[in-house]
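Okay, here's what each chain looks like letter by letter:
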Amino acid sequence: MTVAETGGAAYALATYEPLARFYDLFTRHDDYPRWCALLDDLLRRHGVTGRRLLDVACGTGKSTAAFRDLGYQVSGIDLSAAMIAKARAKEANRGIAFQQGDMRSLPGPGSDHDVVLCMDDAVNNLLDETELGSALEGTARALRPGGILLFDVNTLYTYRSWYASDEVTQEPDAVFVWQGHCPPDHPAGGLARADLTVFAREGAGPLWQRFDAPHVQRHHPETVLRRALRSAGLDALGVLGMRPGTATVDETLDEERHHKAIVIARRPLTG
């Protein structure tokens, strides 16, 4: 089937349902407290004073818990039932409300979140402008007037490097095999694919199981993101660039130098 026939949700579920049990291990080197503290600083710089935060595409709740520890009143939502089950089962997430749901159809009018957050390039799982628009309209509904949306997306740098390379990572009782299928000149707005295969040992015995988690994403250029924000009734406050291997954020995005774009927008106070 084509992307148009299935939509991004089917591809995202094919990735994250099998990956849920290994997600924390796969991302164990990511410093979520440091990353979330950086984003919290950006939120404060843009005038956020309220503490009610919705973490969209929250996964196993690593970012949700990090923002809870920063003093926010948090809740999380994710498309994957397996991810939500993992989030609810973690002791570190005790007291956080998690629900299963699609970012393309977030709660309707009446939501009053001060912040809607969407991390870890989940927006790149929206595979066309219609899906992107639906998700941004949903975040606008979930925000109170004056509330802030913050999300990140992968850049051309990421698709031309990591998504164009192969990598094998061995952890205790698991091996992660990453195979990128993008060309080194991956085009702006292009569809990107990489295959992640996990080989995991079951118990103490000699048997290993294989789990396939194909990654299919769309690169969203800054012009597309800004157009979609306008259509959703959100005011773009900035599209920033994050450099690979650092927690440094630059005010201007360079797609060939930054590995992530951080997008900040506001729901207007009126209208």
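Structure: see above.
What you see is a predicted model, and the numbers here were worked out from it, not measured in a lab.

About the cut-offs
Residues numbered from 1 in each chain as written. Predicted model: local features only at pLDDT ≥ 70, side-chain atom pairs only at ≥ 80, totals over all residues. Heavy atoms only, no water. Helix = DSSP H or I, 4+ residues; strand = E, 2+ residues; numbered from the N terminus. Rg over C-alpha atoms; globule rule 2.2 N^0.38 Å. Buried < 20%, exposed > 50% of the residue type's maximum accessible area, 1.4 Å probe, protein only. Contact = heavy atoms within 4.5 Å. Areas by Shrake-Rupley, 256 points an atom, 1.4 Å probe, with all protein chains shown as cover. Lys, Arg positive; Asp, Glu negative; His and termini not counted. Charge placed at Lys NZ, Arg CZ, Asp CG, Glu CD. Pairing = 2+ DSSP bridges. Axes fitted to C-alpha atoms, helices over the stretch in contact; angles between N-to-C directions. Polar contact = N/O pair within 3.5 Å; in protein donor to acceptor, adjacent residues only side chain to side chain.

A. Molecular detail of the overall build of the protein chain. Check the secondary structure of the protein chain and you find eight helices and twelve strands. The C-alpha atoms of the protein chain give 18 Å as radius of gyration, which agrees with the globular expectation for 271 residues (18 Å, within 12%). Here the C-alpha coordinates of the protein chain stretch approximately 60 × 45 × 40 Å along the principal axes. In the protein chain, which comprises 271 residues, the proportion classed as buried is 54%. Expressed as a percentage of contacts within the protein chain between residues at least 6 apart in sequence, the contacts between residues at least 24 apart total 65%. Just so you have it, the protein chain exposes about 12100 Å², and 51% of that area is on carbon and sulfur atoms. The distance from the centre of the 29 positive side-chain charges to the centre of the 36 negative ones in the protein chain is 4 Å.

B. Inspection of the sheet that holds strand β9 (residues 208-218) at higher detail. Spatially, β6-β7-β8-β9 is the arrangement adopted by the four strands of the open sheet, whose pairing is antiparallel. Two strands lie at the open edges of the sheet, namely β6 (166-171) and β9, each paired on one side alone. Strand-to-strand twist of the sheet, defined as the mean angle between neighbouring strand axes without regard to direction, takes the value 15 degrees. When strand β7 (residues 174-180) meets strand β8 (residues 191-201), the two strands line up antiparallel, connected through seven bridges. Bridge pairing in β8 places A174 opposite A200.

C. Summary view of the sheet that holds strand β4 (residues 113-118). Spatially, the eight strands line up as an open sheet ordered β3-β2-β1-β4-β5-β12-β10-β11, and their pairing is mixed. Edge strands, defined here as strands with exactly one partner in the open sheet, are β3 (97-100) and β11 (249-250). One ladder, built from two bridges, connects strand β10 (residues 235-242) with β11; its direction is antiparallel. Note on β11: the bridge partner recorded for G241 is D250.

D. How the structure looks around the side chain of D152. Relative to the helices and strands, D152 resides in strand β5 (residues 143-154). Since its relative accessible area comes to 4%, D152 is described here as buried. A polar contact of 2.9 Å, which involves the side chain of D152, links it to the backbone nitrogen of D120. At 3.0 Å, the side chain of D152 forms a polar contact with the side chain of K260.

E. View of the environment of E17. Looking at where E17 falls in the secondary structure, it is placed in helix α1 (residues 3-19). By relative accessible area, which is 33% here, E17 ends up partly exposed. For the pair E17 and N154, spaced 137 residues apart in sequence, the C-alpha to C-alpha distance is 21 Å. Every residue in contact with E17, bar those within four places of it in the chain, is listed here: S80, A81 and A82. A polar contact is formed between the side chain of E17 and the side chain of S80, at a distance of 2.4 Å.

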